Amino acid sequence: MAAMSTAAPAPSFAPLLRHGLWLAVALSMGAAVSLGITRFAYALLLPPMRADLAWSYTLAGAMNTVNALGYLLGALATPLLLRRLAPGTLLVAGSVLATVFMGLCGFFVDAVPLLVQRLLAGVASALVFVCGGLLAARLGAQQPGRSGLLLGLYYGGTGWGISLSAVLVPAVLAAAPGPHPWAWAWAWWALALACVAATLVLLWPARALQALAAPAAVSAQPASGSMRWAAFAPALLGYGLFGVGYIGYMTFVVALLREQGASGAAVTWFYALLGLAVVLSSRIWAGLLDRSRGGQALALLNGLLGVATVLPALTSAWPVVLASGLLFGAVFLSVVASTTALVRHNLPQALWASGISAFTIVFAAGQIVGPTVVGWIADGPGGLARGLVFSACALWVGAVVASRQKPLVSA
């Protein structure tokens, strides 16, 4: 007769498996807050703020540069905070802080306090994005057959934030009441309320997925060491160049469309459809993320993104511009998902947090460079169009570099 085991029964993940897709969708509200609203809604607010406050393109770009600096600081702090706090707890706390800092942006008109608010919002959004990506990766590990889809659903949540911002910001700007002289302040407050709603949705997956944190923590062995950055050097450099290139487009494309004479309705449709394309990208690239063990996915997606970025710089023809937005939306968050998939395929689960944080750090470093450089270029001859050409070139170089990433032999 077999001896009876005295070990505690393993936790059952059956409820997580049953609700996996819905958990990923709810978790995607973290991406909606951290990038879709906190980062990318600024592109819609840039034209009226620049007009009211007499900003140069360099200063306008600096607003997203300091946001990216905060994102870098948050990415560096996240692994340290995860030693003390569960990822679900840190996810919700970061979302609450991002919401507060978004709302505070509506109370200032001087550049310095606005820069500080954008910096702090970046710190908070990094906490949300890294922890959400970690929980999405752990959820995917329970369902290997559709892990790429689950990761895509999480990162695709950025699209919900973009689309909501595209509809909400113009409506608020048009309906903003007096006596406040700056209508864009009301838009910041409306976006903060949207973040409140998204944070409430996050409470469910943050609590439900806490059960997945324990096995990962218990499985960590001293011999597992730490992530070897050199082993991922091509992917890290390619991803850093992605950060340099994509953020120029997302910061300035709306301003460029306005310069080219696009109507307010056209800009709303452009940005809303870009956001919906982000959501759909989770299905488009799921198979690629599941199959790619090296840098193939990152290289392909970077190359496509470069094409999407350069199109508005070459022509103002509306069908081409709209195609640019759709292609950009269908690709750019899948680049982010591809790095999480790369970490999941090549590292033990105990190192996923440090792996995701490493990619988030180089992502943030690239975003620090991109907006200010593109803004500086845009203030000179050639304007915003030349700035987007620079962004496209950075993406193409990133594609070439990422193609050199091989799967780790020990995977």
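Before reading further, recall that the structure is shown in the block above.
So, a few notes on the structure that sits alongside this text. (Residues numbered from 1 in each chain as written. Predicted model: local features only at pLDDT ≥ 70, side-chain atom pairs only at ≥ 80, totals over all residues. Heavy atoms only, no water.)

**A word on the overall build of the protein**
Next up, step 1: If you tally the helices and strands in the protein, you get 16 helices and 0 strands.
Next up, step 2: Considering the protein as a whole, with its 411 residues, one finds that 58% of them fall into the buried category.
Next up, step 3: Element-wise, carbon and sulfur atoms account for 72% of the exposed surface of the protein, whose accessible area totals about 15500 Å². (Helix = DSSP H or I, 4+ residues; strand = E, 2+ residues; numbered from the N terminus. Buried < 20%, exposed > 50% of the residue type's maximum accessible area, 1.4 Å probe, protein only. Areas by Shrake-Rupley, 256 points an atom, 1.4 Å probe, with all protein chains shown as cover.)

**Some thoughts on the nonpolar core**
Next up, step 1: Residues Phe242, Tyr246, Tyr271 and Phe332 are the most contacted members of the largest nonpolar core, which totals 135 residues.
Next up, step 2: Apart from the residues within four sequence positions on either side, Phe242 is in contact with Asn302, Leu305, Phe332, Val335, Val336, Phe363 and Leu395. (Core = buried A, V, L, I, M, F, W, Y, C linked by side-chain atoms within 4.5 Å. Contact = heavy atoms within 4.5 Å.)

**Concerning helix α2 (residues 20-37)**
Next up, step 1: Between its first and last C-alpha, α2 extends 25 Å over 18 residues, near the 26 Å set by a 1.5 Å rise per residue.
Next up, step 2: Where α2 bends most, the angle comes to about 35 degrees, and this point is Ala31.
Next up, step 3: Burial analysis of α2 places 15 of its 18 residues in the buried class, the great majority of the element. (Expected span 1.5 Å × (residues − 1). Bend = angle between axes of the 7 residues up to and from the residue.)

**Notes on the side chain of Thr339**
Next up, step 1: Here Thr339 lies in helix α14 (residues 318-346).
Next up, step 2: Judged by its relative accessible area of 4%, Thr339 falls in the buried class.
Next up, step 3: Those residues in contact with Thr339 that lie beyond four places of it in its chain are Tyr239, Leu298 and Phe359.

**Description of the packing of helix α5 (residues 87-104) against helix α6 (residues 111-142)**
Next up, step 1: Here α5 crosses α6 at 150 degrees, and the two axes come no closer than 8 Å. By the angle class used here, α5 and α6 are roughly antiparallel. Taken as a pair, α5 and α6 cross one another with a handedness that is left-handed. Contacts from Pro87, Gly88, Leu90, Leu91, Gly94, Ser95, Leu97, Ala98, Phe101, Met102 and Leu104 in α5 reach Gln117, Arg118, Leu120, Ala121, Ala124, Leu127, Val128, Cys131, Gly132, Leu134, Leu135 and Arg138 in α6.
Next up, step 2: Residues that form the contact of α5 with α6 fall into these classes: 16 nonpolar, 5 polar and 2 charged. (Axes fitted to C-alpha atoms, helices over the stretch in contact; angles between N-to-C directions. Parallel < 35°, antiparallel > 145°, perpendicular 65-115°, else oblique. Left-handed = near helix turned anticlockwise from the far one by under 90°. Nonpolar A, V, L, I, M, F, W, Y, C, P; charged D, E, K, R; others polar.)

**A short note on the packing of helix α10 (residues 233-259) against helix α15 (residues 352-378)**
Next up, step 1: With their axes 7 Å apart at the nearest point, α10 and α15 run at an angle of 40 degrees to one another. Here α15 runs oblique to α10, going by the angle between their axes. Two packed elements cross with a definite hand, and for α10 against α15 that hand is right-handed. For the pair α10 and α15, contact is made by Ala235, Leu236, Tyr239, Gly240, Phe242, Gly243, Val244, Tyr246, Ile247, Gly248, Thr251 and Phe252 and by Ala358, Phe359, Val362, Phe363, Gly366, Gln367, Val369, Gly370, Pro371, Val374 and Gly375, respectively.

Remember that the coordinates give geometry; whether it matters functionally is a separate question.
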